[in-house]
Amino acid sequence: MIHANGKRVLLDCGMFQGRRKEARKLNLTFGFDPNRVDAVVQSHAHIDHCGKLPLLVDCGFQGKIHATHGTQDLCAILLRDCAHILLRDALYLSKKRMKEHARKRKLARRQMREVHDFIDYKAELDVGKIPRPIAPLYLKEDVEEAMKRFKPHRYGEWFQACDGMRFRLHDAGHILGSAWVEAEITEGSRSKRLVFTGDYGRSGAPLLRKPQPLVAADIFLAESTYGDRLHPPFKGMRDGLAAAVQRLAQRGAGKLLIPAFAVGRTQDLLFHLGQIFKNGEAPTVPVYVDSPLATEATGIVRKHREYFNQSALDALNGNGGESFALLPGAHFVESANESKALNHHKEAMIVISASGMMEQGRILHHLIHALPREDCELLVVGYQAEGTLGRRVIEGADEVRILGETVRVKARVENMTGFSAHADRNDLLNALTPHAGSAEVLFLVHGEDDQRNSLADEFRSRGFSRVEMPQMDQSFNL
Ligand SMILES: [Zn+2]
């Protein structure tokens, strides 16, 4: 939050993600009064950056949410999806609470019976209050309210968010519509420039442009997600994908199953497959996208080709009648029944489905079907966090539990890394080092301490006179 001239502007309003219970606790409050926030400037549509906007509005925020057109459109589908997940989580936690209460009552009743078998153990037992169901953090209705507050902007266009603060969004190359934020803050005769990286992207993405270089500023607020890590080069995705398609065509049956994030990775895959088929790098096979969210996201990406890089535009321009379809002829599966029916198809096919870490969604029933089959292949193209089903599979588990079933792993499992949409350590160093001499202060945010500590040291050695690693709710007077 930037506070100047008695006005307050939020940079992003994200949701904590992680273990249900801990995340819920962190997400319930803001640490500030939403009524007193004058505007939000939104960098991009990932839930860890926008997930609490509906709650902010529900709690009394009256202002506008400034973002790019692409971010606005993606926020609409991602926040609706988030509301759905929150509802499901609240039901799960409520049921768990009720079960725990029932268990305690039963236990208390048994103990009473053992000790005082002369009393009527059927009497009402006081084992604490009957728990109330847990309400979801927000509802779909709150999402619709939040969406009404959006004010879209083009890259490079100045806008006044409130008195004394004007902003400009620049292409961050991270996901469709993503931006880094430039702010000009004036208080009386003093004026400061602030740059917030949002999530900073990488060069070489198949569809998006590379991130625009950061401008000079007095204050930098930089992400540090991969502050101590290097990614393998971006290229290689297409070759790995083409090789997997060739293996599938050679088998002539079974599935090539690709779990993928609905936004970003799915569209990159479709684009690459389109090019692979067009150029004859592998035989053409049917491709099914089986995730309602991915289908919606693909529609939005296709609509916003103003965000594409030139070589993607050139490549897509010739896609015949279906101009700007990422992959002409791709099948987008709608209903759950249609999705299940794919299991009975005999032909060789590619199925792209979510979630990317194989924790939920339609990918689960595809895994149950495909993992025990030697004529199937699982191609993993995204980061698999510790503790996820995806991680267990790539670590070579012989069998896994999915939806209560034990599933043998006989299918080939291929793990391709290097497709992160985040800047790595070198990308961050390259982006910020040119401003080391002129910046007053650099704040490192959005990274675990193990990632930002060593990055902070490196920035200091490269000439940043002041590098801060703020804690939650900490404030600085500049
Ligand atoms: Zn992001």
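In this numbering scheme, every chain counts its residues from 1 along its sequence in written order. Totals for whole chains, interfaces and linings use every residue, but because this is a predicted model, local features are given only for residues with pLDDT of at least 70 and side-chain atom pairs only at 80 or more, for both listing and counting. Values shown for side chains rest on all heavy atoms present in the structure; no hydrogens or waters enter the calculation.

**Student:** It is not clear to me how the coordination of the zinc ion should be interpreted in this structure. Could you clarify?
**Tutor:** Working reference: metal with six octahedral donors, ideal angles 90 or 180 degrees; metal with four tetrahedral donors, ideal angle 109.5 degrees. Counted as donors are N, O and S atoms no farther than 2.8 Å from the metal, or 3.2 Å for Na, K and Ca; water is not among the atoms, and sites may therefore look incomplete. For the zinc ion, every protein donor is listed as His44 (NE2), His46 (ND1), His174 (NE2) and Asp199 (OD), and the spread of their distances is 2.2 to 2.3 Å. Under the classification used here, a metal with four donors is tetrahedral if each angle lies between 85 and 135 degrees, square planar if opposite donors are over 155 degrees apart and the others between 65 and 115, a six-donor metal meeting that same test is octahedral, and anything else is irregular. Metal-centred angles of 92 to 166° between the 4 donor atoms at the zinc ion mark the site as irregular. If you list the donors of the zinc ion from N- to C-terminus, the spacing comes out as H-x1-H-x127-H-x24-D. Residue His44 is located in the loop between β3 (39-41) and α2 (47-50), and its partner Asp199 is located in the loop between β9 (190-196) and β10 (219-223); the two are separated by 155 residues in the primary sequence. Secondary structure elements follow DSSP: runs of H or I no shorter than four residues count as helices, runs of E no shorter than two count as strands, and numbering proceeds from the N terminus.

**Student:** How should the sheet that holds strand β1 (residues 2-4) be read in this particular structure?
**Tutor:** One key point about sheets: their strands pair by backbone hydrogen bonds, in either a parallel or an antiparallel sense. Taking strand neighbours across the sheet as the criterion, the 5 strands line up as β1-β2-β3-β4-β5 in an open arrangement whose pairing is mixed. At either margin of the open sheet sits one strand with a lone partner, and together these are β1 and β5 (150-153). Recorded for the sheet is a direction-independent mean angle of 25° between the axes of neighbouring strands. Two elements, strand β2 (residues 7-11) and β3, share 3 bridges in a ladder whose sense is parallel. Bridge pairing in β3 links Leu10 to Val40. For two strands to count as paired, DSSP must find a minimum of two bridges between them. The convention used is that axes are lines fitted to C-alpha atoms, helices contributing only their stretch in contact, and that angles between N-to-C directions extend from 0 to 180 degrees.

**Student:** Looking at this model, I keep getting lost on empty space enclosed by the protein. Mind explaining?
**Tutor:** Empty space left among the atoms is revealed by rolling a probe the size of a water molecule over them. Here a cavity is any set of points on a 1 Å grid over the protein atoms alone where a 1.4 Å probe fits but cannot get out, and a pocket is any open set with protein on both sides within 12 Å along at least 5 of 7 lines; a residue lines the site when it has an atom within 4 Å of a point. Grid points are joined across faces, edges and corners, and a volume is the space filled by probe spheres set on the points. Considering all chains together, one arrives at 2 cavities of 30 Å³ or more under this definition. If you add up the space inside the largest cavity, you get close to 40 Å³. Considering the residues around the largest cavity, the lining is formed by Gly254, Lys255, Leu342, Asn343, His345, Lys346, Glu347, Met349, His369 and Arg373. Each residue gets one of three labels, nonpolar for Ala, Val, Leu, Ile, Met, Phe, Trp, Tyr, Cys and Pro, charged for Asp, Glu, Lys and Arg, and polar for the others, Gly among them. Residue composition of the lining of the largest cavity, grouped by class: 2 nonpolar, 4 polar and 4 charged. Estimated volume of the second largest cavity: approximately 30 Å³. Lining the second largest cavity are Tyr155, Asp171, Gly173, Ile175, Leu176, Gly177, Ser178, Leu208, Arg209 and Tyr307. For the lining of the second largest cavity, the per-class residue count stands at 5 nonpolar, 3 polar and 2 charged.

**Student:** Can you walk me through the pairing of strand β4 (residues 64-68) in this structure?
**Tutor:** The side chains of a regular strand alternate between both faces of the sheet. Think of it in three bands: residues with accessible area under 20% of the maximum for their type are buried, residues over 50% are exposed, and the middle band is partly exposed, with areas taken using a 1.4 Å probe on protein chains only. Here β4 lies mainly inside the structure; 4 of its 5 residues are buried. In the sheet, β3 pairs with β4 via 3 bridges, with the strands oriented parallel. The residue bridging Val40 from the neighbouring strand is Ile65, located in β4. By the bridge criterion, 4 bridges tie β4 to β5 in an arrangement that is parallel. Within the sheet, the bridge partner assigned to Ala67 lies in β5 and is Pro152.

**Student:** Sorry if this is basic, but what is going on with the layout of surface pockets here?
**Tutor:** Empty space within the second largest pocket amounts to approximately 300 Å³. In terms of lining, the second largest pocket is formed by 13 residues, of which the most central are Lys21, Leu93, Lys96, Arg97 and Ile134. Of all the secondary-structure elements, those providing two or more residues to the lining of the second largest pocket are α1 (20-27) and α4 (69-115). Of the residues forming the lining of the second largest pocket, the biggest block, 6 residues, is contributed by α4. Looking at the lining of the second largest pocket residue by residue, the classes come out as 5 nonpolar, 1 polar and 7 charged.

**Student:** In this structure, what is going on with the nonpolar core? I would like to understand it.
**Tutor:** The nonpolar side chains of a soluble globular protein tend to be buried, and buried together. What makes a nonpolar core is a set of buried Ala, Val, Leu, Ile, Met, Phe, Trp, Tyr and Cys residues whose side-chain atoms join them at distances within 4.5 Å. One finds Tyr138 and Ile350 to be the most contacted residues of the largest nonpolar core, which totals 80 residues. If you tally residues by element for this core, the top one is α4, at 9 residues. Residue assignment places this core across two domains, with domain 1 (2-81 + 137-230 + 421-468) and domain 2 (237-415) each supplying three or more. Here Ile350 is in contact with Val245, Leu248, Leu256, Ile258, Leu273, Phe277, Val285, Pro286, Val287 and Tyr288, once residues within four sequence places are set aside. In terms of nonpolar packing, the next biggest core, distinct from the first, is built from 23 residues, Leu342, Leu367, Leu371 and Val407 among them. Here the limits of each domain have been adopted from an automatic or database domain assignment. The criterion used for residue contact is that any of the two residues' heavy atoms lie within 4.5 Å.

**Student:** Hey, could you run me through the domain arrangement of the protein chain in this one?
**Tutor:** Quoted interface sizes are often the accessible area lost when the parts come together. Along its sequence, the protein chain is carved into domain 1 (2-81 + 137-230 + 421-468) and domain 2 (237-415). Once you take the C-alpha centre of each, domain 1 and domain 2 turn out to be 31 Å apart. With 17 residues of domain 1 at the contact, the number on the domain 2 side is 20 residues. In total, about 1800 Å² of surface goes out of reach between domain 1 and domain 2, with carbon and sulfur atoms giving 67% of it. The working definition used for a salt bridge is a side-chain nitrogen of Lys or Arg within 4 Å of a carboxyl oxygen of Asp or Glu. Scanning the region where domain 1 abuts domain 2 turns up 1 salt bridge. Lys303 is the partner of Asp73 in a salt bridge, and the nearest nitrogen-oxygen pair spans 2.6 Å. Among the elements that line the side of domain 1 that touches domain 2, the one with the most residues is α4, at 7 residues. Each residue belonging to the side of domain 1 that touches domain 2 can be placed in one class, and the counts come to 10 nonpolar, 4 polar and 3 charged. Joining two parts hides part of their accessible area as seen by a 1.4 Å probe, and the buried area is that hidden amount summed over both.

**Student:** What am I meant to see in the packing of aromatic side chains here?
**Tutor:** Pairs of aromatic rings are described using the distance from one ring centre to the other and the angle between the two planes. The aromatic pairing rule takes the rings of Phe, Tyr and Trp, using the six-membered ring of Trp, and pairs them if the centres are within 6.5 Å, calling planes under 30 degrees apart stacked, those over 60 edge-to-face and the rest tilted. Taken as a whole and judged by the stated rule, the model has 5 aromatic pairs. Centre to centre, the rings of Phe30 and Phe32 are 5.3 Å apart; their planes meet at 45°, and the pair counts as tilted. For Phe32, a relative accessible area of 27% corresponds to the partly exposed category. When the ring centre of Trp158 is taken as origin, the NZ or CZ atom of Arg166, which lies over that ring, is 3.9 Å away. A ring has a charge above it when a Lys NZ or an Arg CZ is no more than 6 Å from the ring centre and no more than 35 degrees off the ring normal.

**Student:** Would you explain the pairing of strand β19 (residues 441-445) in this entry?
**Tutor:** For β19, a buried count of 4 out of 5 residues is recorded, marking the element as mostly surrounded by other parts of the structure. Pairing of β19 with strand β20 (residues 467-468), which is carried by 2 bridges, proceeds in the parallel orientation. Across the sheet, the residue bridging to Leu442 is Val467, located in β20. Taken together, β19, helix α14 (residues 449-461) and β20 constitute a β-α-β crossover, and its handedness is right-handed. The handedness rule is simple: strands pointing away from the viewer, and a clockwise path from the first strand over the helix to the second, make the crossover right-handed.

**Student:** Explanation requested: unusual backbone geometry in the structure shown.
**Tutor:** Note on backbone geometry: most residues besides glycine have negative phi, and most peptide bonds are trans. Each neighbour pair has its own omega, and for Ala354 with Ser355 the value is 10°, a cis peptide bond. Positionally, Ser355 belongs in the loop between β14 (349-353) and α11 (363-370). Of note, Asp12 is a non-glycine position whose phi angle comes to about 70°, a positive value. With respect to the helices and strands, the residue Asp12 is situated in the loop between β2 and α1. Given a relative accessible area of 9%, Asp12 falls into the buried group. A positive phi is found at Leu403, a non-glycine position, where the angle reads about 50°. Its location among the elements puts Leu403 in the loop between β16 (399-402) and β17 (405-408). Its relative accessible area of 62% is what places Leu403 among the exposed residues.

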